[in-house]
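Overview (structure and organization)
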Amino acid sequence: MKLSSKLISMAPLVLCLLLLCFPCVFAGHDYGQALSKSILFFEAQRSGYLPHNQRVSWRSNSGLNDGKTSGVDLVGGYYDAGDNVKFGLPMAFTITMMSWSIIEYGKQMAATGELSHALDAVKWGTDYLIKAHPEPNVLYGEVGDGNTDHYCWQRPEDMTTDRRAYKVDPSNPGSDLAGETAAAMAAASIVFRRYNPSYANELLSHAYQLFDFADKYRGKYDSSITVAQKYYRSISGYNDELLWAAAWLFQASNNQYYLSYLAKNGDSMGGTGWAMTEFGWDVKYPGVQTLVAKFLMQGKAGPYTAVFERYQEKAEFFMCSCLGKGSKNVQKTPGGLIFRQRWNNMQFVTSASFLTTVYADYLASSGRRTMNCASGNVVPAQLISFAKSQVDYILGDNPRATSYMVGYGNNYPRQVHHRGSSIVSIKVNPSFVSCRGGYATWFSSKRSDPNVLMGAIVGGPDAYDNFADQRDNYEQTEPATYNNAPLLGILARLHGGHGGYNQLLPVVPVPAPIQQKPAPKPKVTPAPDSTSGPIAIEQKMTTSWKSKGKIYYRYSTIVTNKSYKSLTNLKLSISKLYGPLWGLTKFGDSYSLPSWLKSLPAGKSLEFVYIHSASAADVAVSSYNLA
């Protein structure tokens with residue numbers, strides 16, 4: 001399809017008239033309402049058997065035989081945009097970014113009552129990813145074919161198109177696809193660690209396997225799943241996804257292997273070398289660099305400080321370029337919107353805005369109050385202001401006074417390039433919509449969509465802030481899940497105000513870091529020589545806070561296998577413990593390795609943490625085997 005010829009430049013007079021017609025749009029935005037709507041969009045994108053609490057009532061079950069011809073259950077997951085294909089790479093990225101939003105701003109989502117809906121949105125995706133990974137070295141990366149799907153205009157409930165499933169395996173690798181899926185599983189495991197620990201462990205186990213698969217059998221996924229090339233081609237290759245997955249696995253497990261991987265491969269894989277002005281489903285480098293900068297500011301870099309500082313330099317190159325204060329700045333429309341390409345430009349707007357938002361809070365949390373750009377210093381508030389300007393533009397503060405979130409405000413797109421929303425609901429009219437008949441009756445209609453695709457972020461305006469609300473203008477009116485995913489975190493942050501953020505501390509109830517009492521020195525607790533020769537145990541207090549008059553401490557304990565054999569059947573005794581513990585399995589009066597970890601390989605480490613209002617607990621080795 002070609003871009004509509006009606007996308008012509010608009011005269012300043014017309015712009016002025018538009019501004020006069022919609023003065024109320026500029027009166028400030030309800031970020032909480034926008035957050036609710038943006039999460040609701042994901043329910044419209046669901047494939048499979050819809051749950052009893054489905055709120056988007058015009059949708060029904062679809063794709064119920066997905067994977068059947070391949071002998072695998074691939075029912076579920078998300079349609080990526082306005083079509084009915086399930087593309088694995090953008091779906092996994094969507095889940096990673098939704099999870100990151102919750103990790104950073106889940107408390108703010110909870111305050112709006114939207115956290116449970118956000119968790120449901122993530123789990124709908126991860127449940128599918130688990131199905132798509134039936135074996136350690138097999139991952140299904142696409143269901144349906146974009147070419148045959150785009151030939152038809154049908155509701156998901158009426159699909160007659162090919163639903164073939166495509167996979168990567170050792171003979172046909174896909175490191176970018178497997179790496180992004182590993183990142184999604186790892187990030188989601190952090191989200192569910194508090195709410196559903198057993199599910200979190202299952203996700204982390206998949207993430208470990210997927211990373212090993214991606215790293216061992218290297219190759220671009222679109223060389224194996226060639227039908228994806230026209231739609232989600234991996235231009236950046238797979239090195240960024242390998243680093244991205246390693247960063248998320250370190251954050252999820254604190255396993256030092258992944259920290260080492262980031263350090264040892266940062267130069268060769270581009271993590272320290274690529275200075276980027278784009279972040280999205282294909283290019284992950286700025287995301288990796290932002291996460292590694294977070295580890296650095298948390299004091300976790302250890303011997304890798306020098307290389308992690310190079311990652312941080314590239315992260316700040318990205319931030320400076322977004323603000324227009326770098327040596328190479330992103331292009332912007334006259335109205336101030338980031339502009340990278342004509343087709344679905346909004347994906348880059350929301351992703352970049354998310355990174356600047358979290359980086360602002362990382363900087364403020366670290367005590368480092370400024371960032372050096374080519375044209376001067378930048379304070380965290382400037383990064384937040386930039387993100388807010390982009391979100392406000394999306395919600396209506398722009399030369400057209402148009403909200404690019406469907407259903408938000410009074411002036412939003414009414415002819416969205418989306419099969420489900422543009423065709424009458426099957427619940428209203430169950431008559432079958434044929435493949436080409438859908439084009440004749442519904443796609444060509446000039447009327448507004450019969451179903452409002454609430455919360456969807458469409459592709460957005462062109463480089464001159466112009467926009468044509470026409471269904472055949474897919475470059476501007478088609479929505480996508482990865483447009484919305486980063487927006488969840490920004491909206492929660494903006495709705496939550498400007499107080500109480502400390503992103504470098506663990507997520508604990510009502511954190512209030514105290515200044516008046518010096519932190520206790522790290523305590524090292526070696527296990528008894530008689531039983532622990534090959535095992536080192538190190539404890540340290542990582543943070544403290546005050547709640548209801550009582551001081552609480554968070555302790556990190558690292559157990560390292562110093563031998564040249566794998567450590568199995570480890571039993572630890574822990575005394576003087578007066579609070580909750582995470583990262584081990586309780587076994588009678590002792591503790592063992594977590595259920596997802598059968599052994600601790602030679603040279604590898606395991607971290608567990610606990611919180612209580614006393615000095616460090618006594619940790620010792622009771623028994624173990626070396627195999």
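For the structure, see preceding data.
Here we summarise the structure given alongside this text. Just so we're clear, the structure is a prediction, and the values are computed from it rather than from any experiment.

About the cut-offs
Per chain, the residues get numbers from 1 upward, laid out in the order the sequence is written. Since the coordinates come from a predicted model, pLDDT governs what is reported: local features require at least 70, and pairs of side-chain atoms require 80 or more to be given and counted, while whole-chain, interface and lining totals use all residues. Side-chain metrics rest on all non-hydrogen atoms present in the structure, leaving aside hydrogens and water. Two strands qualify as a pair provided DSSP detects at least 2 bridges between them. Secondary structure is summarised from DSSP: a helix means a run of H or I of at least four residues, a strand means a run of E of at least two, and numbering begins at the N terminus for each. As a rule, the C-alpha atoms of each element are fitted with a line to give its axis, helices using only the stretch in contact, and angles between N-to-C directions run from 0 to 180 degrees. A simple rule labels every residue: compare its accessible area, found with a 1.4 Å probe on the protein chains alone, to the largest value its type can have, and call it buried under 20%, exposed over 50%, or partly exposed in between. We call Phe, Tyr and Trp rings a pair once their centres come within 6.5 Å, taking the six-membered ring for Trp, and we label the pair stacked below 30 degrees between planes, edge-to-face above 60, and tilted otherwise. For classification, angles of less than 35 degrees are called roughly parallel, those exceeding 145 degrees roughly antiparallel, those between 65 and 115 degrees roughly perpendicular, and all remaining angles oblique. Take the far helix as the reference: if the near one is turned anticlockwise from it by less than a right angle, the crossing is left-handed, and if turned clockwise, right-handed. Contact between two residues is taken to exist if any of their heavy atoms lie within 4.5 Å; hydrogens are not considered. Ten residue types, Ala, Val, Leu, Ile, Met, Phe, Trp, Tyr, Cys and Pro, are classed as nonpolar, four, Asp, Glu, Lys and Arg, as charged, and the remainder, Gly among them, as polar.

**Overview of the sheet that holds strand 8 (residues 567-575)**
- If you trace the four strands from one edge of the open sheet to the other, you get 10-11-8-13, paired in antiparallel fashion. Where the open sheet ends on each side, the last strands, each with one partner, are strand 10 (585-587) and strand 13 (618-626). This sheet shows a mean twist of 30° between the axes of neighbouring strands, independent of strand direction.
- One ladder, built from three bridges, connects strand 10 with strand 11 (residues 590-592); its direction is antiparallel. Looking at the pairing, F587 lines up with S590 of strand 11.

**What about the pairing of strand 2 (residues 139-143)?**
- Of all the five residues making up strand 2, five are buried; the element is thus mostly covered by neighbouring parts of the structure.
- Two elements, strand 1 (residues 86-87) and strand 2, share two bridges in a ladder whose sense is antiparallel. Each bridged residue has a counterpart across the sheet, and for F87 the counterpart in strand 2 is E142.

**Structural notes on the sheet that holds strand 9 (residues 581-582)**
- Overall, antiparallel pairing links the four strands, which are arranged 6-7-12-9 in an open sheet. Unpaired on one side and paired on the other, strand 6 (535-547) and strand 9 mark the two borders of the sheet.
- Across twelve bridges, strand 6 lies against strand 7 (residues 550-561) in antiparallel orientation. Each bridged residue has a counterpart across the sheet, and for M541 the counterpart in strand 7 is Y555.

**Quick notes on the packing of aromatic side chains**
- Summed over all chains, the structure comprises 31 aromatic pairs.
- Arranged with centres 5.4 Å apart and planes meeting at 80°, the rings of F211 and Y258 form a pair that is edge-to-face. Highlighted residues: F211 in helix 7 (residues 197-216) and Y258 in helix 10 (residues 256-265), separated in sequence by 47 residues.
- For F211, a relative accessible area of 0% translates into the label buried.

**Details of the packing of helix 7 against helix 9 (residues 239-253)**
- The interhelical angle for the contact between helix 7 and helix 9, taken along N-to-C directions, is 150°, at an axis separation of 11 Å. When the axis of helix 7 is compared with that of helix 9, the two are roughly antiparallel. For the pair helix 7 and helix 9, the sense of crossing is left-handed. Residues L204, A207, Y208, F211, A214 and D215 of helix 7 pack against L242, A245, A246, L249, A252 and S253 of helix 9.
- When the residues that make up the contact of helix 7 with helix 9 are grouped by side-chain class, the tally is ten nonpolar, one polar and one charged.

**So, unusual backbone geometry**
- Here the phi dihedral of A401 falls at roughly 55°; this positive angle occurs in a residue that is not glycine.
- For D465, which is not a glycine, the phi torsion comes out positive at approximately 70°.
- With respect to the element layout, D465 can be found in the loop between helix 16 (437-443) and helix 17 (474-477).

**Here's the deal with the pairing of strand 7**
- The turn linking strand 6 back onto strand 7 is made up of two residues, and K548 within it adopts a positive phi angle of 50°.
- As paired elements, strand 7 and strand 12 (residues 605-612) share eight bridges and run antiparallel to each other. Residue pairing for strand 12: Y555 is matched across the bridge by Y610.

Worth remembering: the numbers are spatial, not functional.
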